[in-house]
Amino acid sequence: MFSLTELLSASTHPGYSRPCGFPALLLTAFLFCRIIKTVVKTFKYFFGVRFEVKGLENFEVEGPAIIVSNHQSILDMMGLMEVLPDDCVQVGKKELMYAGTVGLIIYLGGVIFINRKSTTSAKMVMAEVAKTMAADKVKVWVYPEGTRNCTGDLLPFKKGAFHLAVQAQVPVIPVVYSSFTTFYNPKKNLFTSGKIKVEVLPAIETKGLTSGDVSDLTDRCFRTMRETLFRLSGCPSEAKDSS
Ligand SMILES: CCCCCCCCCCCCCCCC(=O)SCCNC(=O)CCNC(=O)[C@H](O)C(C)(C)COP(=O)(O)OP(=O)(O)OC[C@H]1O[C@@H](n2cnc3c(N)ncnc32)[C@H](O)[C@@H]1OP(=O)(O)O
Ligand SMILES: CCCCCCCC/C=C\CCCCCCCC(=O)OC[C@@H](O)COP(=O)(O)O
């Protein structure tokens, strides 16, 4: 079994054999994230983006948790830094690691890389995270849509985050960002000034749940987050449901 620290350094290598010392990497990642957070939190003033955050107290669960949120664009990185708990790492696609300096920074920031093209490999990495996140006392942030989506609605959720929560028997904390559609053009990556509402929702417990409950848990989170997305974006859910 590997500690999350080892996994962070080895998750991109088959067999996870790269050895690593005491939690230096994890601690470095947390420290690094704090610095990144401080820097990125200033970006909003240059970009004219405002954040209105509610429900931060819902992060205050005892021990680790899985955080799931909607993922619309690169702008989410600003939104992420507005609320990111200090003891949290993200799950990201492995391609990001090869993105030059940004890749290196993300790597040092503690991102757990998965291969989306190989369910078996992604499941293996996540199973290791499930085993070790309690010992390492970390929260893990997953984008359950599995890709960026700026349509004003949610894509169907992938199940990895929810398997992870059930395997680790830790709560799921949904976080919802209002739609960027009114001020962001994803094709041109252009945006005007705008306000993003963020809501951290109450934790959903998974104690006692088994793999047979994962689909229901996924649906429950999806419905709650979709309702919240429509509410925060000021768009009536009835209209969306009938489309
Ligand atoms: C300069 C600044 C620097 C800053 C430095 C600091 C950090 C700065 C922030 C960086 C931030 C990065 C942000 C990255 C943002 C992305 O990279 S988002 C993209 C990557 N993330 C994801 O894809 C996560 C979501 N995806 C999943 O969870 C997917 O389920 C997986 C694990 C990838 C698998 O993919 P899939 O096969 O397409 O998915 P799915 O249909 O859910 O599963 C297939 C089957 O396997 C089962 N299954 C899935 N997962 C599991 C599992 N874990 N265990 C058992 N069974 C499973 C399912 O139940 C399903 O079976 P059935 O229920 O249908 O029978
Ligand atoms: C355009 C202005 C941008 C302002 C915000 C700058 C914030 C900078 C903070 C950190 C930058 C480095 C982190 C980059 C992480 C990129 C995360 C991302 O969005 O990856 C895409 C991935 O999820 C899904 O990929 P696809 O949608 O499937 O392909």
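Thresholds applied
Starting afresh in each chain, residues are numbered from 1 along the sequence in its written order. Chains and ligands are labelled by the order in which they are written, letters from A for the one and numbers from 1 for the other. Residues qualify for local features only when their pLDDT is at least 70, as the model is predicted, and side-chain atom pairs are given and counted only at 80 or more; totals for whole chains, interfaces and linings, by contrast, use all residues. As a convention, hydrogens and water are excluded, and side-chain values are obtained from all of the structure's heavy atoms. The classification of residues rests on relative accessible area computed with a 1.4 Å probe and restricted to protein chains. Under 20% of the type maximum is buried, over 50% is exposed, and intermediate values are partly exposed. Only DSSP runs of H or I covering at least 4 residues are called helices, and only runs of E covering at least 2 are called strands; the numbering of each starts at the N terminus. UniProt positions are given in the numbering used here, feature names are shortened, and annotations may be inferred rather than shown by experiment. For this description, a residue counts as near a given molecule or strand if any of its non-hydrogen atoms is within 4 Å of it. In the analysis that follows, any N or O atom pair within 3.5 Å is treated as a polar contact, provided that within protein one partner can donate a hydrogen and the other can accept it, and provided that, for residues neighboring in sequence, both atoms belong to side chains. Accessible surface area values rest on a Shrake-Rupley calculation with a 1.4 Å probe, where residue burial reflects the displayed protein chains alone. Using only the protein atoms, space was sampled on a 1 Å grid; points where a 1.4 Å probe fits but cannot get out form cavities, open sets with protein on both sides within 12 Å along at least five of seven lines form pockets, and lining residues are those with an atom within 4 Å of a point. For a cavity or pocket, the test is whether more than half of a molecule's atoms lie within 2 Å of its grid points; if they do, the molecule sits there. Polarity classes work like this: nonpolar for Ala, Val, Leu, Ile, Met, Phe, Trp, Tyr, Cys and Pro, charged for Asp, Glu, Lys and Arg, and polar for all others, with Gly in that last group. Under this scheme, a helix contributes an axis fitted over its contacting stretch, all axes are lines through C-alpha atoms, and angles between N-to-C directions fall in the 0 to 180 degree range. Left-handed is the label given to a crossing in which the near helix is rotated counterclockwise from the far helix by less than a right angle, and right-handed is the label when the rotation is clockwise. Contacts are assigned to residue pairs with any non-hydrogen atoms lying within 4.5 Å of each other.

(A) Region of the structure containing helix H4 (residues 76-83). Counting buried residues along H4, 7 of its 8 residues qualify, which places the element largely inside the surrounding structure. The complete set of buried residues in H4 reads Asp76, Met78, Gly79, Leu80, Met81, Glu82 and Val83.

(B) How the structure looks around the UniProt feature "transmembrane region" (unreviewed entry) in the protein. UniProt tags residues 20-40 and 96-114 as "transmembrane region" (unreviewed entry). In residues 96-114, the share of helix is 47% and the share of strand is 16%. The end C-alpha atoms are 10 Å apart.

(C) Highlighting the UniProt feature "domain: Phospholipid/glycerol acyltransferase" (unreviewed entry) in the protein. Feature annotation in UniProt places "domain: Phospholipid/glycerol acyltransferase" (unreviewed entry) on residues 65-180, given in this structure's numbering. Spanning residues 65-180, this segment combines 38% helix with 20% strand, and its end C-alpha atoms are found 27 Å apart.

(D) Structural detail: the site of ligand 2. Residues in close proximity to ligand 2 total 15 residues, the closest being His71, Lys93, Arg116, Thr147 and Arg148. Taking threonine 147, its side chain carries an N or O atom lying 2.6 Å from an oxygen atom of ligand 2. Alone, ligand 2 offers 760 Å² of accessible surface; in the complex the protein occludes 78% of this. A molecule is said to occupy a pocket when more than half its atoms come within 2 Å of that pocket's grid points, and by this definition ligand 2 occupies the largest pocket. Within the residue set of the shell around ligand 2, elements represented by two or more residues are helix H3 (43-47), H4 and helix H5 (100-108). A per-class count over the shell around ligand 2 returns 10 nonpolar, 2 polar and 3 charged.

(E) Expanded view of the packing of helix H6 (residues 119-136) against helix H7 (residues 160-168). Contact pair H6 / H7: the axes reach a minimum separation of 9 Å and the direction vectors enclose 35°. Considering the relative orientation of H6 and H7, their crossing is right-handed. Here Met126, Ala127, Val129, Ala130 and Met133 of H6 lie close against H7, whose contacting residues are Gly160, Ala161, Leu164, Gln167 and Ala168. Looking at the contact of H6 with H7, its residues break down into 8 nonpolar, 2 polar and no charged.

(F) Here's a closer look at the site of ligand 1. Of all residues adjacent to ligand 1, which total 30 residues, the nearest are Lys93, Thr119, Lys158, Lys159 and His163. Within the side chain of lysine 158, an N or O atom sits 2.9 Å from an oxygen atom of ligand 1. In this structure, an oxygen atom belonging to ligand 1 sits 2.7 Å away from a main-chain N or O atom of lysine 159. Burial of ligand 1 by the protein amounts to 78% of the accessible area it has alone, namely 1,300 Å². The pocket occupied by ligand 1, as judged from atoms lying within 2 Å of grid points, is the largest pocket. For the shell around ligand 1, the elements supplying multiple residues, two or more each, are helix H2 (24-40), H4, strand E3 (88-93), H5, H6 and H7.

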